[in-house]
Structure formats: C-alpha cells, structure tokens
Amino acid sequence: MDIAVSMLKKGLTGEIIIPADKSISHRAVMFSSLAKGKSVINNFLYAADCRSTASLFKNLGVDIEFINENTIKVNSKGTLSPYLPPLDCGNSGTTMRLVSGILAGQQFNSTLIGDESLSKRPMKRVIIPLSMMGAKIESNEGKAPLKIHGTPLHSIEYNSPIASAQVKSSILLAGLFADGVTTVIEPYKSRNHTEIMLEYMGADIFVEGNKVSIQKSELAARDIFVAGDISSAAFFIVAALIVPNSDIIIRNVGLNKTRTGIIDVVKRMGGKLEILDERIVSGEKIGDLRVRYSDLKSCNINGADIPRLIDELPVIALLATQADGETRITDAGDLRNKEADRISAVVNEFRKLGIDIDELPDGFIINGKQKIAGGSDVDVYHDHRLAMTLYIAGLISQKEILVKEFQWVNISMPEFLTLMDSLKSL
Ligand code: S3P
C-alpha cells in the first residue's frame, strides 16, 4: 500500500491513547508462558511482531487465548513442549533473540526462522554468550535459521560489548534455567523491562547499576497491564513539535527511564513537552504528554543517550532538520543492524526529499532549520519505523510525497493512520 502525504496546513490537535509497548507485550507473553498458572495480559499490542511471539508460544504447547485483540488469557503448565517444525519469528528480532535464551536450556531441540530482513540480522551477539553457558546453537554464519539443541546450562558473568536489551534479556532468560548465578554487565544501561517483569513475577533477580544477576527461579503467573509505547508516541511527539500550530495530548505513554531519551532530547532542544500525570502499572511508570509546536535548537546525541532512544533515532533525525544549528548523532552504529540499515536508509530517503544530511559510520550530522522540498517517492526498506518517519516528513514537505509500501507500519502500529487522522480532523 503506497500512501501520498501532503503538507498539513492547520496543525495537529486533540488527544490519542497510544497503543501498547512492543517490548513489554513480547515479554508479557513469553514470561506468562513460563509461569505455572493463569494470567491475563491487558492492553496487549495486537501488531505483527507480538503476534509472532504469541503464535510461537502456542506452538510450544502453551494455552494462549485471545479474548479480544488486546486481551490474552495465558494458561501454562509452567513448561514448554517440543515443536518439530521451524518456529517462525517473522520480522521480530526481539522474539528470536529472547526465545533463543529460553530454548537453549530446554530438554528438546528447536529451530528458529524469520523473514528476509530478520534472516540478515546478526545473531552472534546472543549465540556467543549462550554458548559460553553451554548452549548448542547451529546457525547460518551467525544468522538465522538457528538450530537450538536444548541442553543443561551453567551460569556465566558476561561483560556485554554492547548495550542491548535483547542480548541482556536472552542471557537472563537462559539464566532462569541455568545452575548458579548468571550476571550480565552492560557498558550503558539498556531498557530494563525484562528485569521489571521478572521481578514482578517473583524471579530471583538482582540489579545494581548496569549489572543484573539472576538465579534459577520459578515464575508466578500474574495479570499484566501493558504500558503504552513511547517509541510509537515518538512519531506523534515529533509531528506535533514540527507541524505549526499543533497542540496534542498523548495518553498512557510508558515513561520507564531507560526509554525516555527522546523526552530528554526534546527538552534539550527547547521543545514544549509536559508530563501531565504519572502513575505505575505492572511495575512500569506511565503518564500523559502534552506536546506543542516549538522553536527548536540543535543538540548532540551520543553515549548513554543512545540505548535510551535507539528506536527513535530515525524520527529524531527528522526533528533535527527543524532545529536551528548542527545536530550530531554519534555512537549509534548498531542502527545499521535494525530491521534495515537505518543509517544509510535515513540518509538515502531524506536526500530524496531534499534534506541536507551527512552520513557517519555511527550516526548522522544534520544542519537545521531546513525547508523540506518533498515531491518524490520514498522507500521504507521493509521497516516500520522508516515508514512512519517518512510519513511525518511528508506533513512538512513543500510538495506531496509518496511513501511506498506503507503497510510495513503494521509491524508495530497498525493504528497509526487512524490515530494520525483523528489528530488532523479537529
Ligand atoms: C528491544 C531492544 C532494542 C530495540 C528493539 C526492541 C527489546 O534492541 O531496538 O526494537 O524489546 O528488547 P537492542 O536491545 O538490540 O538494541
């Protein structure tokens, strides 16, 4: 589905409830499947990635029933059953990497496969530490398919070379089945939804700064309410900041501080963003945001900022085009390993729209404030976040743009167009 987007003349107004967090939805299904008993997952993200996780655990013998799209009943024996055909992770790196950790310590063998994009993504980052724990994993030169031969595991202390929640979580989940205390130390703190939810479900887990330790534990089934996804809210935050006359409210946004890098950056840029009401759901902080069109100034984004806003960087690069001065985004080389190479994809597609952007090995340099010419077709590289970033660029482009294959949005936010239209209509 190609979609034409043209300049929005009158500003975004009104309020939306942001759909559920993708990372938390995956974990809710995975961890409830490992816990003996019944749990209800409320506000589950009914998008392609999280549905891949739900089908995968159904195949592993867990009783998973959708009461409606956003409410799931999980009834688990607390153990998984062997499944001989390949288990399909679809487009989802989180599914493949976290499930590898879970399956490595089972008493049966399994195979994980993914779509074209996932089959190109690096899996050595989990194969290496899991193998140190005794796991037996065969791969296609470090990529999917992964053949996992279930085997007894032992604990390790792992100094991760990258700040990656997927790597950390994969090791911690293997640690749930391993003898001894498994520890992961990260260079910077990555998102900590795994730690929060495992603790909420009674795991023996201990956190000290960037170091997390876990011991073999049985999880207790508990109902979970999934917070809204700040990574999805990011597209509406940026749209409101750059489309003149905008003033919107975004409700139920997850405000876990390992994810709020975008809020800090918006504040550093002088953006008008207020947090209206903070509360805790299932161990996670959420709140409502008011965002208004703003005069912005450039800032540098690097180091410990990066894991706290990694998925927002394409749309933050767009935001930087509307900020006065030079914005340098560095230390973000891992963006090249996402659903697409998000550094070269952003640079190629932004240039098609007439944006002046420089490519760095680990980021971008953007000089603002720029007028965006538009008037061209752009490609999304099978990447949901590029699709939404380019759509937002269209809202401030001088000439209409055509975002090709916009259906990739369904990976994380099938509701995107409906929500956007509701903010355009007032
Ligand atoms: C995720 C972690 C991040 C993020 C991804 C989801 C997770 O990846 O980019 O979209 O749910 O743990 P890395 O941890 O590999 O950076």
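Residues numbered from 1 in each chain as written. Predicted model: local features only at pLDDT ≥ 70, side-chain atom pairs only at ≥ 80, totals over all residues. Heavy atoms only, no water.

A. Summary view of the side chain of Lys338. Structurally, Lys338 is set in the loop between strand 21 (323–329) and helix 10 (342–352). Within the buried core, Lys338 has no salt-bridge partner, and the shortest N-O distance to an opposite charge, that of Asp334, equals 4.5 Å. Apart from the residues lying within four places of it in its own chain, the contact partners of Lys338 are Arg121, Ile310 and Asp311. (Helix = DSSP H or I, 4+ residues; strand = E, 2+ residues; numbered from the N terminus. Buried < 20%, exposed > 50% of the residue type's maximum accessible area, 1.4 Å probe, protein only. Lys, Arg positive; Asp, Glu negative; His and termini not counted. Salt bridge = Lys/Arg side-chain N within 4 Å of Asp/Glu carboxyl O. Contact = heavy atoms within 4.5 Å.)

B. Summary view of the site of the ligand. Around the ligand, the neighbouring residues are Ser23, Arg27, Thr94, Ser164, Ala165, Gln166, Arg191, Ile310, Asp311 and Lys338. Take Ser23: an N or O atom from its side chain is 2.7 Å from an oxygen atom of the ligand. Contact distances for the ligand include 2.7 Å between an oxygen atom and a side-chain N or O atom of Lys338. Considered on its own, the ligand offers 380 Å² of accessible surface; in the complex 95% of this is hidden by protein. Residue assignment for the shell around the ligand shows that the elements contributing at least two residues are helix 1 (22–34) and helix 5 (165–175). Of the residues belonging to the shell around the ligand, the class tally is 2 nonpolar, 4 polar and 4 charged. Of the domains in this structure, domain 1 (3–20 + 227–424) and domain 2 (22–212) are the two that each give at least three residues to the shell around the ligand. (Near = heavy atom within 4 Å. Polar contact = N/O pair within 3.5 Å; in protein donor to acceptor, adjacent residues only side chain to side chain. Areas by Shrake-Rupley, 256 points an atom, 1.4 Å probe, with all protein chains shown as cover. Nonpolar A, V, L, I, M, F, W, Y, C, P; charged D, E, K, R; others polar. Domains from an automatic or database assignment.)

C. The arrangement of the nonpolar core in detail. Membership of the largest hydrophobic core comes to 81 residues, with the highest contact counts inside it found for Phe236, Ile242, Ile250, Phe364, Ile392 and Phe416. Leave out the neighbours within four places in its chain, and Ile250 touches Ile16, Ile18, Ala233, Phe236, Ile237, Gly287, Asp288, Leu289 and Val291. By size, the runner-up hydrophobic cluster in this structure holds 68 residues, among which are Ala20, Ala144, Val167 and Ile205. (Core = buried A, V, L, I, M, F, W, Y, C linked by side-chain atoms within 4.5 Å.)

D. Summary view of the packing of aromatic side chains. Considering all chains together, one arrives at 6 aromatic pairs under this definition. Ring geometry for Phe44 and Phe66: centres 5.7 Å apart, planes at 70°, overall edge-to-face. In this pair, Phe44 sits in the loop between strand 3 (37–42) and helix 2 (48–59) while Phe66 sits in strand 4 (residues 63–68), placing the two residues 22 residues apart along the sequence. Where Tyr46 meets Phe66, the ring centres are 5.6 Å apart and the plane angle is 80°; that geometry is what we call edge-to-face. Of the two residues, Tyr46 is situated in the loop between strand 3 and helix 2 and Phe66 in strand 4; the sequence distance between them amounts to 20 residues. A residue is classified by how much of its surface remains accessible, and Tyr46, at 21% relative accessible area, is partly exposed. Judged by relative accessible area, Phe66 falls into the partly exposed class, the value being 28%. Site record: aromatic cluster; members linked through ring pairs are Phe236, Tyr391, Phe406 and Phe416. The ring of Tyr200 has Arg222 lying over it, and the distance from NZ or CZ to the ring centre is 3.8 Å. (Phe/Tyr/Trp six-rings, centres within 6.5 Å; stacked < 30°, edge-to-face > 60°. Lys NZ or Arg CZ within 6 Å of the ring centre and 35° of its normal.)

E. How the structure looks around the pairing of strand 8 (residues 136–140). Sheet topology places strand 8 next to strand 9 (residues 143–149); 4 bridges connect them, and they run antiparallel. In the strand pairing of strand 9, Ile137 is matched with Ile148. Counting the residues that bridge the hairpin from strand 8 to strand 9 gives 2 residues, and of these Glu141 lies at a positive phi of roughly 50°. (Pairing = 2+ DSSP bridges.)

F. Inspection of the side chain of Asp305 at higher detail. Within the element layout of this structure, Asp305 appears in the loop between strand 20 (296–297) and helix 9 (313–320). Accessibility expressed as a relative area gives 15% for Asp305, which makes it buried.

G. View of the pattern of salt bridges. For the coordinates displayed, the defined rule picks out 30 salt bridges. Residue Arg251 pairs with Asp288 through a salt bridge whose shortest N-O separation is 2.9 Å. Here Arg251, found in strand 17 (residues 247–254), pairs with Asp288, found in strand 19 (residues 284–292); they are 37 residues apart in sequence, far enough to count as distant. Accessibility expressed as a relative area gives 6% for Asp288, which makes it buried. Salt bridges sharing partners connect three or more residues here, namely Arg121, Arg191, Asp311, Glu339, Arg342, Asp383 and Arg385.

H. Looking closely at the environment of Pro161. With respect to the helices and strands, the residue Pro161 is situated in the loop between strand 11 (157–159) and helix 5. For Pro161 and Arg125, which are 36 residues apart along the polypeptide, the C-alpha to C-alpha distance reads 8.9 Å.

I. Representation of the environment of Ser232 in the model. Here Ser232 lies in helix 7 (residues 230–242). Sequence separation between Ser232 and Ile18 is 214 residues; the distance between their C-alpha atoms is 7.1 Å. Not counting residues up to four positions away in its chain, the partners in contact with Ser232 are Ile18, Ser412 and Met413.

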